[in-house]
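Here's the letter readout for the chains.
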Amino acid sequence: MVKSENGSGFMSHRTEDVVLEVSITVNGTAHRSQVEPRTLLVHHLRENLGLTGTHVGCDTGYCGACTVIVDGRAVKSCSMLAVQADGAEVRTVEGVADGDELHPVQEGFWECHGLQCGFCTPGMIMSSVALLESNPDPSEEEIRHGIEGNLCRCTGYHNIVKSVQFAGARMRGEEVSS
Amino acid sequence: MTTSTSVMGGIVRRKEDPSLIQGKGTYVDDVKRAGELAAVFVRSPFAAAKINSIDVSAALELEGVHAVYTADDVRHLGPNPAQVAVGTLRPLLADGAVKHVGEAVAMVVADSRYIAQDGADLVFVDYEPGDAVIDLKEAHADKVQVHEGESNTLLTWAGNAWWEGVIDLPDPSPEIQAAKERDDTVTVSLEMVNQRLIPTAIEPRAVLADWRGGYESVELWSSSQIPHAVAGAVAGVFGIPSNKVRVIAPEVGGGFGLKLNVYPDEILVCFASKQLGRPVRWTETRREAGFASIQGRGWVGTATMTGTKDGKILGYELEAICDMGAYTHNFTVAIPLLGLFVAPGQYDIPTSYALHCVMTNTPTTDAYRGAGRPEAAYYLERIIDDFAREIGMDPADVRKANYWKPEDFPVTTAIGLTMDSGDYATNLDALLDRVDYEGLKAKRDAARAEGRLLGLGLSTYVEVCGFGPSALAGLGFSWAGYGLPTAFNGSGVVRVQPDGTCTVTIGTGPSGQGHETTWAQIVSDGLGIPMENIEVQHGDSLDSPMGVGTFGSRSLAVDGTATYEATGRVREKAAKIAGHLLEAAEQDIQFADGGAHVAGSPDRAVTWGQIAEAAYQPHTLPEGMEGGLESSVVFSPPNATWPFGSHLALVEVDPDTGDVKLLEYWATDDCGNVINPMIVDGQVHGGIAQGIAQALFEEAIYDDMGNLLTASLADYPLPDAASLPSFSLDRTVTPTDVNPLGVKGIGEAGTIGSAQTIVNAVVDAVSHLGVRHIDMPLRPKRVWQAIEDAKE
Amino acid sequence: MYPPNFDYVAPTSLDEACAALAGADNAKVLSGGMSLIPLMKMRLVRPTTVVDISRIPGLDTITDEGDHIRIGAMVRHAQTASDPLVREHATALAEAAAATADAQVRNQGTTCGSIAHADVAADQPAAVLALGASMVAASSRGEREIPASDFFVDTLTSALESDEILTAIKVPKGGTSVYRKLGRRGGEADYPIAAAAVWVDAGNGSVSDARIAVTGVSSKPYLAAAAADAIRGSDGGAAAIDEAAGHATDDVIVLEDLYATVDYRTHLAEVYVKRALEAALA
Ligand SMILES: Cc1cc2nc3c(=O)[nH]c(=O)nc-3n(C[C@H](O)[C@H](O)[C@H](O)COP(=O)(O)OP(=O)(O)OC[C@H]3O[C@@H](n4cnc5c(N)ncnc54)[C@H](O)[C@@H]3O)c2cc1C
Ligand code: FES
Ligand code: FES
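Quick caveat: nothing in here was measured; it's all calculated off a predicted structure.

A few points about the interface of chain B and chain A
For step 1, the next point in the chain: On the side of chain A, 63 residues touch chain B, which itself brings 74 residues to the contact.
For step 2, the next point in the chain: Approximately 5,600 Å² of surface area, both sides summed, lies buried where chain B meets chain A, with 55% of it carried by carbon and sulfur atoms.
For step 3, the next point in the chain: Inspection of the region where chain B meets chain A yields seven salt bridges.
For step 4, the next point in the chain: A salt bridge links R113 of chain B to E47 of chain A, with the shortest nitrogen-to-oxygen separation between them at 2.9 Å.
For step 5, the next point in the chain: Taken together, the elements giving at least two residues each to the side of chain B that touches chain A come down to α1 (17–20), β1 (37–43), α4 (113–120), β6 (124–129), α9 (286–292) and α18 (677–697) of chain B.
For step 6, the next point in the chain: It is α18 of chain B that provides the largest number of residues to the side of chain B that touches chain A, a total of nine residues.

Quick notes on the pairing of strand β20 (residues 502–506) of chain B
Residue and element names in this part refer to chain B.
For step 1, the next point in the chain: Most of β20 sits out of view: five of its five residues are buried.
For step 2, the next point in the chain: What you see with β20 is no split at all: C502, V504 and I506 on one side and T503 and T505 on the other are buried throughout.
For step 3, the next point in the chain: From the end of strand β19 (residues 490–496) to the start of β20, which pair antiparallel, there are five residues, and G500 there has a positive phi angle of about 90°.
For step 4, the next point in the chain: Taken together, the four bridges between β20 and strand β21 (residues 534–537) define a ladder with parallel strand orientation. Along β21, the bridge assignment pairs T505 with Q537.
For step 5, the next point in the chain: For the segment spanning β20, helix α15 (residues 515–527) and β21, crossover handedness is right-handed.

With respect to the interface of chain B and chain C
For step 1, the next point in the chain: Each partner contributes to the interface: chain B provides 28 residues, whereas chain C provides 25 residues.
For step 2, the next point in the chain: Between chain B and chain C, roughly 2,200 Å² of surface is buried when both sides are summed, and carbon and sulfur atoms account for 56% of that area.
For step 3, the next point in the chain: Where chain B touches chain C, the interface holds five salt bridges.
For step 4, the next point in the chain: Across the contact surface, chain B and chain C share 14 residue pairs in polar contact (both at pLDDT 80 or more).
For step 5, the next point in the chain: For the side of chain B that touches chain C, the secondary-structure elements that each account for two or more residues are α4 and α20 (780–791) of chain B.

Considerations on the site of ligand 1
For step 1, the next point in the chain: With respect to spatial proximity, 32 residues lie near ligand 1, and among them V29, G33, M34, T110 and D123 of chain C are the closest.
For step 2, the next point in the chain: In this structure, ligand 1 is bordered by residues of chains A and C.
For step 3, the next point in the chain: In the environment of ligand 1, an oxygen atom lies 3.5 Å from a nitrogen or oxygen atom belonging to the side chain of K28 of chain C.
For step 4, the next point in the chain: Considered on its own, ligand 1 offers 960 Å² of accessible surface; in the complex 96% of this is hidden by protein.

What about the domain arrangement of chain B?
All names here are of chain B.
For step 1, the next point in the chain: Taken domain by domain, chain B comprises domain 1 (17–24 + 489–635), domain 2 (31–130 + 202–254 + 259–292) and domain 3 (372–467 + 639–791).
For step 2, the next point in the chain: The interface of domain 1 with domain 3 comprises 18 residues on the first partner and 20 residues on the second.
For step 3, the next point in the chain: When domain 1 packs against domain 3, the two sides together hide about 1,300 Å² of surface, and 64% of this comes from carbon and sulfur.
For step 4, the next point in the chain: Counting the surface domain 1 buries against domain 3, the share from its top three residues, G552, S553 and A557, is 34%.
For step 5, the next point in the chain: Along the contact surface separating domain 1 from domain 3 lie zero salt bridges.
For step 6, the next point in the chain: Mapped by element, the contributors of at least two residues to the side of domain 1 that touches domain 3 are α15 and α16 (555–582).
For step 7, the next point in the chain: In terms of residues, the side of domain 1 that touches domain 3 owes the most to one element, α16, which gives seven residues.
For step 8, the next point in the chain: Its residues assigned to classes, the side of domain 1 that touches domain 3 comprises six nonpolar, ten polar and two charged.

Some remarks on helix α2 (residues 104–111) of chain A
For step 1, the next point in the chain: Counting buried positions along α2 of chain A gives seven out of eight residues, so the element sits mostly inside the fold.
For step 2, the next point in the chain: By the burial criterion, the buried members of α2 of chain A are P104, V105, Q106, E107, G108, F109 and W110 of chain A.
For step 3, the next point in the chain: Tucked inside the fold, the buried residues of α2 of chain A contact α3 (121–134) and α5 (158–171) of chain A together with α1 of chain B.
For step 4, the next point in the chain: Following α2 of chain A by one or two positions, H113 of chain A has its phi on the positive side, about 55°.

Observations concerning the packing of α2 of chain A against α3 of chain A
Residue and element names in this part refer to chain A.
For step 1, the next point in the chain: Contact geometry for α2 and α3: axes closest at 9 Å, N-to-C directions at 125°. Of the possible angle classes, the one that applies to α2 and α3 is oblique. Judged by the sense of rotation from one axis to the other, the crossing of α2 with α3 is right-handed. Every residue of α3 that contacts α2 at V105, Q106 and F109 is listed here: T121, M124, I125, S128, V129 and L132.

Each value, and the rule that gives it
- Residues numbered from 1 in each chain as written.
- Chains lettered and ligands numbered in written order.
- Predicted model: local features only at pLDDT ≥ 70, side-chain atom pairs only at ≥ 80, totals over all residues.
- Heavy atoms only, no water.
- Contact = heavy atoms within 4.5 Å.
- Buried area = accessible area lost by both parts, 1.4 Å probe.
- Salt bridge = Lys/Arg side-chain N within 4 Å of Asp/Glu carboxyl O.
- Helix = DSSP H or I, 4+ residues; strand = E, 2+ residues; numbered from the N terminus.
- Buried < 20%, exposed > 50% of the residue type's maximum accessible area, 1.4 Å probe, protein only.
- Pairing = 2+ DSSP bridges.
- Right-handed = clockwise from strand over helix to strand, strands pointing away.
- Polar contact = N/O pair within 3.5 Å; in protein donor to acceptor, adjacent residues only side chain to side chain.
- Near = heavy atom within 4 Å.
- Areas by Shrake-Rupley, 256 points an atom, 1.4 Å probe, with all protein chains shown as cover.
- Domains from an automatic or database assignment.
- Nonpolar A, V, L, I, M, F, W, Y, C, P; charged D, E, K, R; others polar.
- Axes fitted to C-alpha atoms, helices over the stretch in contact; angles between N-to-C directions.
- Parallel < 35°, antiparallel > 145°, perpendicular 65-115°, else oblique.
- Left-handed = near helix turned anticlockwise from the far one by under 90°.

See below:
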C-alpha cells in the first residue's frame, strides 16, 4: 500500500496580519486597497475593483487574456502580484475608450470582426494598443509577432490582424475602409 | 421571402461587439453574488487506484473553509447524467476508486479560491494504486480492465448493427474483396493516429449556483452550450421539476463542444449551495481543464483503399479504435457514429467500417469541434491521397473521378443516410481555378529542383450537421437522457413590443457565433424593423423557449428557421392589423422603412409602433382577432444538412530541422445560403485554425502511468498569430431544401477540411524522399524523423 | 492557481534587500516574476518571504563601462533586445532576448532573472556564455563576480547562494556574436528545442578566437569547448564550420522530452551551431 498525499500537505504560510496597503491608479482613478501579498493583480482588478473586463484564461502566462498596461508596458496581470503594482498606473480594457468614443483599436475589432466569443478580446485589444503606441505602422508580420502572447481560439487571428491594421491606419489619420 | 431590407446576405457589424470590446460582457466568472463561496477540487494523482480513506479534518480546521465534500456526501445523488448512457457514468466525486489522473475526489468550499486551495492542500487521501491502461490497443485487448468485470470495448459501430431494423444495408465486403483480387486494381493501406486533443476554449468553464431555500429552486450560471439540458439534468438529480431550475449561460467564451456536456461540477455547486445556504462558485483552472472537461478525437485506425489504376475507387475500409476515456459523458460513444455518417465522404464508393469504442484510464472524450467528422474525413482524405500517389494520378483528378454528381441528389450514401444537395466537382474546380493549381504545382516542382521542400496538399470533405430530424431522438440524439423529453428541434419566439421594437428569444445561444446579429438580420429582413430595434435574447433555460443548444453547426439551420417562421407569422398578423388600420386589403400591405404601407401608395402607411399599439389594445383590432403581436415556433427539419468544401495548402519543410512553415491556405466552402458573409468567413477562419492546430501543434500526451504531460498551455501549444498565415476564402452556394432559408451550417466545416490538408501538403513535400505518412501533430521532430527513416 | 501566502518586502536599497534575504529562511528574490509567479501559482515553489528588488533604484539601466557593458538586474528582456549598446556589442544577447517568449513577457521578465533562474532551455544564458560575460552577485557578505562559464551548475541551479542577488551582468566588448534557435512552436517561438550562441573574433580569413554555447539540449546551458576549439584558428570556411558543428554535443548528456528525441536534439544542436557560425562568419 502506498500512502500518498493528495494535497501537498503544506500548510500555507498564513500571514493574515500581513495585509498590505496598495495604491494603484486604474484608468485614471486612484484606488487604495488592502490586499494579501499573494493576491494576483488580475484578481485584484476583477474581484476587488470590479473591473471584470480583464480575463483569466490560463495558469502559466501563455494566453494573454489578462493583458493590461502597467506604466506604459503591456503585461500579463495573472503573473504579477497586486503589490508589485503599488504606485503604478494601470490601463485596462475598460479605460481605453475616450468616454463614449471608442479607441481606434476597439473600432477596428468591431469593424473587421476581430472577435467572436470575445473572451480573448480585452487582452488582445490591450496588446494591440501597446503595439501601435510603440510601432504606429507595423507590417503584418510585426502585428503577428506583436500579439503572439495573446491566444485566440475562435478567429484564427485572420480578422484580428485586419483589425489592428484598420486601427493603425485610423490612428495614422489615413482613410480606412474595412 | 420578399426582401424589404437588404440586411440578409449582407455584412452587418455584430450587435454583440460594443459590449465585448469595452470589457462589459458578462461571463460566468464576472457574476458576483453577495455571500458567495468558492470551491476547489482535490484531484487524483493516479490513473487507477483504490481510495482507502480520505482525511478532511485538517482542511476543515483551516479558517475560512466551510465544507469539504466527498463521495459519502453526494452518493445519494447518483452519477453524472449522460444522454447516451452506454458504459460507466462518472460518479460526481470518485467513489472508492479513481479511474484517471485528475479525477475529482473531494470538493473544498471556502471564503475565497485562495483559501479553498489552501484547504485542498490539507486533504489527505490514502490511495492504493492499481494497474491502469492508457494505450488504446492494449485497452482494446482488455489487458487491464478500466472497470473490473467490464470489457473495455463498450460497443463497435460496424455493419448493420446500428441500422438493424431501420435500414437494411447490403454488406459491401464481398464487393470490396472481389475488387482487391482483380489484376487491374491497386490496394493501399495506412495505419494512422488521429491524436487526442484538449479543446481549450480560452474561457475556462465556470459555474455559480444559488439555491433558493423555501422555493427549493436553484439558479445556476454555467458557461454552457446547452443550458436547457443542464437544467433538465439538475432537476433530475435533485428530484425537482425543471421549472425550478434556471440555468443561465451568459456570454460563453468559446465552446467547441467541450461545453456541450453536463458536468459533475454543475451538480456539485448546486448541492453545496443547498447545503450551505450560500451561493457557491467554481472556476476551472487551465490545468484542470485537461481533466475536468472532455477531450476530443483519439483514434488509432487503418484506412484501406482499393481502386483501378485509372482512379476509379472500388472499395474503402476503415477500422479504428476510438478512445472513450474512463467514463462516458453526454455523447461519448455516439461521436464515432457521427464520423461514420460521413465515412464515405463525397464519393460514390462501397464503404465498410468498424469503429470500436474503447475505455482507457484517461479523462472522458466527447464532442470537440467536428466530433467524429474530422476524424472520418482525415482517414478518407489521407488514404485517397496515398492511393493517388500510388497510381500516379493527380489527387484532384482522383477525387473528381469518384464524386457524386449533382444529378444524383438526393443521394443515399453507403451508410444509408440521405444527403440533401451537393455539387462537389464545381466546388473543387472553383478552388483550383482561383488558385491556379497548375501554376502552384509548377512552382512546387521548381522549388524542389533547387532542393527546397515545398508541398501542396488538398482535401475535400462533406459534413453532416444541422441536427436534426426529430426522428433521430430514437437513436439517442435528444435530451431525453436528462429527463427532458425533447428532440433536437429549433425554437424561436418573435415579439413586437408595444413601442414597435422587437425581441427575439431563441433556444440556442452563441459562444462566439454571432447569433444576436444573424438572427436580427433574419427578423429585420422579414419585418422591415431596423437592426438596432431588435434585441435577441438567449441562454436562459426558463426565459428562452425550450431549446437544445448550440452544437453540431445546427443553430441557424434549425433554430434560425424557427425564428424565420415565427417572423413570417408575426408579419402575417401585422399585415392584417395594418390592413384594418389603413382600410386596405391585407394582401396589399407591404413592409418597409420601419412600418407598413399600402402597395402603390406609400403615404398610406403606419409605423410598427402604431401596429403594435393596436395589437396590445385589442378593442382597436378587427373583430375576433386576439391581442398581442408575437409568435413562437418549434421547427423540426426533415433531414440534417450536408455542407462541403475544398481546401488547399502550400507548405515548406526545412530539410535540416523538419520545421514546417505553412505558407498559404485557401478554402472554398459551400454552406448553402449565407446570411452574414463576415460571420461565416469568421467561422471558417477559426475552424481552419483548429484543424491546423491538430495537424501541426496540439496533442494530449499521456505517459504510461496516465499522467497528462500537456495540461498547461506551456506544453499544449495552441497556434499563436505568428504561427499562422492569413487565409484566402471563397465559396460556392448550393442551397439545401431541408429548411426554407436554404442554409446548411458552417461552425465545424473549417475544422473538418483542414487537418488532412496540411498533412497531405507535408507528405507531398517529402514524398519524393520516400515518406508515405507522418502522424500528427507534425512537430519538427516527427517530420525530421520521417525523413531520416526513409533514408534507411 | 492561487499562490500560497508569504511575506512580501520591497526594499529600496540593495543593502536592505540583502539583509532581508539573509534574515529569512526560504526567501526568494522577485524580479520580473515571469518564472517565479507561475511556479508559485502552481504551488511548486513556496517561499516564506518574497524580496521584490524592483524598487531598488539604479538596477534598471544598461551602461557603457569602457571595455564592457553592464546590464542591471531590473533590465527587462525588451530593453536588452532593443538597446543599441547591447545590439552592437552583445548581438547574441540582444537576439536571444528578442527571441525570448512574447511581448508581454519581454516587458516584464528580466535578463538577469532569466539567467538566475537557469532554466535548461532559456535563451539568454547561451548568449552570456558565448559572450564570456560575468555575473555580479551581492549579499550581506559582500560582492563577487562569477564567470558565466562557472555560473550554470545544473537544472534550475546556478552558482548563486540563496542569500545572493544577481545585481548585474558584465559583457565584454569586441568580436561578433549571433544567436540562432528552433522554438517549441516552430520558428523562434517559445523556449528553444535547441539553440546556439556563438562569439567569434575573426578577420582576414582566420578565426582567432571563438566561444560556442548551446541551450535547450542538456541539463544546463553549456559551452561546447570542442566545437570552439575546432573553429578557433581555422579559416572559418564551410569545412571548419561543419567540423565544429560536429562537436556540438561532445561530453554532454542530451535530453529527451516531448519536443525531441536524443538523436533529433543532437542533430539540431549541430544544425544550430552551424547556422550561428555561418551567420557570425558571413
Ligand atoms: C509565457 C512565457 C513564455 C516564456 N518563454 C520563454 C522563452 O521562450 N525563452 C526563455 O528563455 N524564457 C521564457 N520564459 C521565461 C522568462 O524569460 C522569464 O522572464 C525568466 O525566466 C525569468 O526572469 P524574471 O525576471 O521574470 O525572474 P523571476 O520570475 O522574478 O525569477 C525567476 C527565478 O530567478 C530568481 N531571481 C530572479 N532575479 C534574480 C536576481 N536578480 N538575483 C537572484 N535571483 C533572482 C528568482 O528568485 C526565481 O527563482 C517564458 C515565460 C513565460 C511566462
Ligand atoms: S491568464 Fe494571464 S496569460 Fe493567461
Ligand atoms: S474571440 Fe474567442 S478566444 Fe478570441
